[in-house]
Amino acid sequence: MKPITKEVYLKWYEDMQFWRKFEDKLAALYIQQKVRGFLHLYNGQEAVLAGALHAMDLSKDKMITAYRNHVQPIGMGVDPKAVMAELLGKATGTSKGLGGSMHIFSKEHGFYGGHGIVGAQIPVGAGMAFADKYFETGGVTLTYFGDGAARQGSLHEAFNMAMNWKLPVVFICENNGYAMGTSVERTANHTDIWKLGLGYEMPCGPVDGMNPIKVAEAMHEAMERARRGEGPTFLEMKTYRYRGHSMSDAQHYRTKEEVEEYKKIDPITQVLDIIKKEGYATDAEIEAIDQRVVDLVAECEKFAEESPFPDLSVMYDVVYDQKDYPFLPHKL
């Protein structure tokens, strides 16, 4: 695995801090009704992404996930201004303002969504891995889903086929404890979701999803196995979301005290503690990082606010195309 150096820790801190503040701003814009529909935030789960990115080769690896999907494309290289513009429904967004919060997408940067149907991305991720194997690209697909989606039948179909064909895919359950609002303990007679892989003799196991180091180590091992042609791995990232399932979630299923307990192992704080302990940055340098984060979030907001909404005619361009039907001229 690539060494976890001073530079890595500093990048992790700045990236995770930016992802957190970026989504905090989205929450504020949602309250102002500038972000419409649903909004599912990643606060607390940042270590899962930070660790994975350290293990990935962004020139050929891909990622697909569910609807908690705003910061992943940013981590993979998508312009955060375009992501915020998409959330505000603006023409400068990643999908010209037509996808919105749950459907961020960038083929250029290997990020394939953003899927609103629970579990829908699991077989799609396996299919992407099949393409990598067929065309011998050497790439690995990271397929993310939540603990609620682990109960979908499509997961078992995808697991079976992925093992049968030894596909280069890593299945990752981001277990944040409550799915939409129901505790894992109430959805099945077992709580170790990773054990679902045992039925397919798939390498599997639990990972501390609040620690980017542990995530990076587990992801590296799984991805190297896939690159060697040995097939998939299933990892259960035990993590926690500090906000509700979506912005409309009243969170009656858990206590504020529980949330505060998990904040004691906040991934950002864990990384910052190491930076301070090892003397990787002075207080002034940390403050400078924090200021860069604040400035970039403000830049993203300004860009999104000032961008135009898409022309109504664009809707026809993306849903209807027929060569012998000249009445709807296309612009895209």
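Residues numbered from 1 in each chain as written. Predicted model: local features only at pLDDT ≥ 70, side-chain atom pairs only at ≥ 80, totals over all residues. Heavy atoms only, no water.

Colleague: Can you tell me about the overall build of the protein, naming the residues and giving the values?
Modeller: Looking only at helices and strands, the protein features 11 helices and 5 strands. In terms of overall dimensions, the protein is globule-like: its C-alpha atoms have a radius of gyration of 20 Å, near the 20 Å expected for 332 residues. Oriented by its inertia axes, the alpha-carbon framework of the protein measures out at about 60 × 55 × 40 Å. Among the 332 residues that make up the protein, the fraction classed as buried is 49%. Summarising the internal contacts of the protein: among those between residues at least 6 apart in sequence, 73% fall at separations of at least 24. Accessible surface computed for the protein: about 15800 Å², of which carbon and sulfur atoms make up 54%. If you average the places of the 37 positive and of the 46 negative side-chain charges in the protein, the two averages end up 2 Å apart. (Helix = DSSP H or I, 4+ residues; strand = E, 2+ residues; numbered from the N terminus. Rg over C-alpha atoms; globule rule 2.2 N^0.38 Å. Buried < 20%, exposed > 50% of the residue type's maximum accessible area, 1.4 Å probe, protein only. Contact = heavy atoms within 4.5 Å. Areas by Shrake-Rupley, 256 points an atom, 1.4 Å probe, with all protein chains shown as cover. Lys, Arg positive; Asp, Glu negative; His and termini not counted. Charge placed at Lys NZ, Arg CZ, Asp CG, Glu CD.)

Colleague: Quick rundown of the state of the cysteines? Include the residues and the values.
Modeller: Scanning all chains against the criterion turns up 0 disulfides. Of all cysteine sulfurs in the structure, the one in Cys204 sits closest to Cys173, which takes part in no disulfide; the separation is 12 Å. By relative accessible area, Cys204 is classed as partly exposed at 22%. (Disulfide = S-S within 2.5 Å.)

Colleague: Describe the nonpolar core, naming the residues involved and giving the relevant values.
Modeller: Ranked by size, the top nonpolar core spans 62 residues in total, and within it Trp19, Phe22, Leu142, Val170 and Met219 carry the most contacts. No other element matches the 13 residues that helix α1 (residues 6–31) contributes to this core. Ignoring anything within four residues of it in the chain, the contact list for Met219 reads Ala52, Ala55, Leu142, Tyr144, Val170, Ile172, Leu235 and Met237. The next biggest cluster of nonpolar side chains, apart from the first, holds 20 residues, and it includes Ala126, Ala149, Ile193 and Met202. (Core = buried A, V, L, I, M, F, W, Y, C linked by side-chain atoms within 4.5 Å.)

Colleague: Give a detailed account of the packing of aromatic side chains, specifying residues and quantitative values.
Modeller: Within the structure shown, the criterion is met by 14 aromatic pairs. Both rings, one in Phe130 and one in Tyr134, keep their centres 6.2 Å apart while their planes meet at 25°; by these two values the pair is stacked. Separated by 4 residues within a single helix, Phe130 and Tyr134 lie in helix α5 (residues 121–135), roughly one turn from each other. The class for Phe130 is partly exposed, based on a relative accessible area of 38%. Ring geometry for Tyr134 and Phe135: centres 5.0 Å apart, planes at 85°, overall edge-to-face. (Phe/Tyr/Trp six-rings, centres within 6.5 Å; stacked < 30°, edge-to-face > 60°.)

Colleague: Account for the side chain of Arg68, with residues named and values stated.
Modeller: Here Arg68 lies in the loop between β1 (62–64) and α3 (71–75). Buried charge Arg68 goes without a salt bridge, the closest partner of opposite sign being Glu174 at 6.7 Å. Apart from residues no more than four positions distant in its own chain, Arg68 is found in contact with His40, Leu41, Tyr42, Gln45, Asn176, Arg241, Gly244 and His245. (Salt bridge = Lys/Arg side-chain N within 4 Å of Asp/Glu carboxyl O.)

Colleague: Lay out the packing of α5 against helix α6 (residues 153–165) with the relevant residues and their values.
Modeller: Direction vectors running N to C along α5 and α6 enclose 15°, while the axes themselves pass 8 Å from each other. By the criterion of interaxial angle, the relationship of α5 to α6 is roughly parallel. Crossing handedness for the pair α5 and α6: left-handed. In contact with Ile122, Pro123, Ala126, Phe130 and Lys133 of α5, α6 contributes Ser154, Leu155, Ala158 and Trp165. Residues belonging to the contact of α5 with α6 are distributed by class as follows: 7 nonpolar, 1 polar and 1 charged. (Axes fitted to C-alpha atoms, helices over the stretch in contact; angles between N-to-C directions. Parallel < 35°, antiparallel > 145°, perpendicular 65-115°, else oblique. Left-handed = near helix turned anticlockwise from the far one by under 90°. Nonpolar A, V, L, I, M, F, W, Y, C, P; charged D, E, K, R; others polar.)

Colleague: I'd love a proper account of the sheet that holds strand β5 (residues 233–238), names of residues and values included.
Modeller: The strand order across the open sheet built from 5 strands is β1-β2-β3-β5-β4, with neighbouring strands paired in parallel fashion. Each edge of the open sheet is held by one strand with a lone partner, namely β1 and β4 (204–208). Across the sheet, the mean angle from the axis of one strand to that of its neighbour is 25°, orientation sign disregarded. Sheet topology places strand β2 (residues 141–146) next to strand β3 (residues 169–175); 6 bridges connect them, and they run parallel. The partner of Phe145 across the bridge, within β3, is Cys173. Against the sheet, α5 engages β1, β2 and β3, with an angle of about 175° to β2. (Pairing = 2+ DSSP bridges.)

Colleague: With reference to specific residues and values, describe α1.
Modeller: Spanning 26 residues, α1 covers 38 Å between terminal C-alpha atoms, matching the ideal 38 Å at 1.5 Å per step. Where α1 ends, the next residue or the one after it, Gln33, has phi of about 65°, a positive value. (Expected span 1.5 Å × (residues − 1).)

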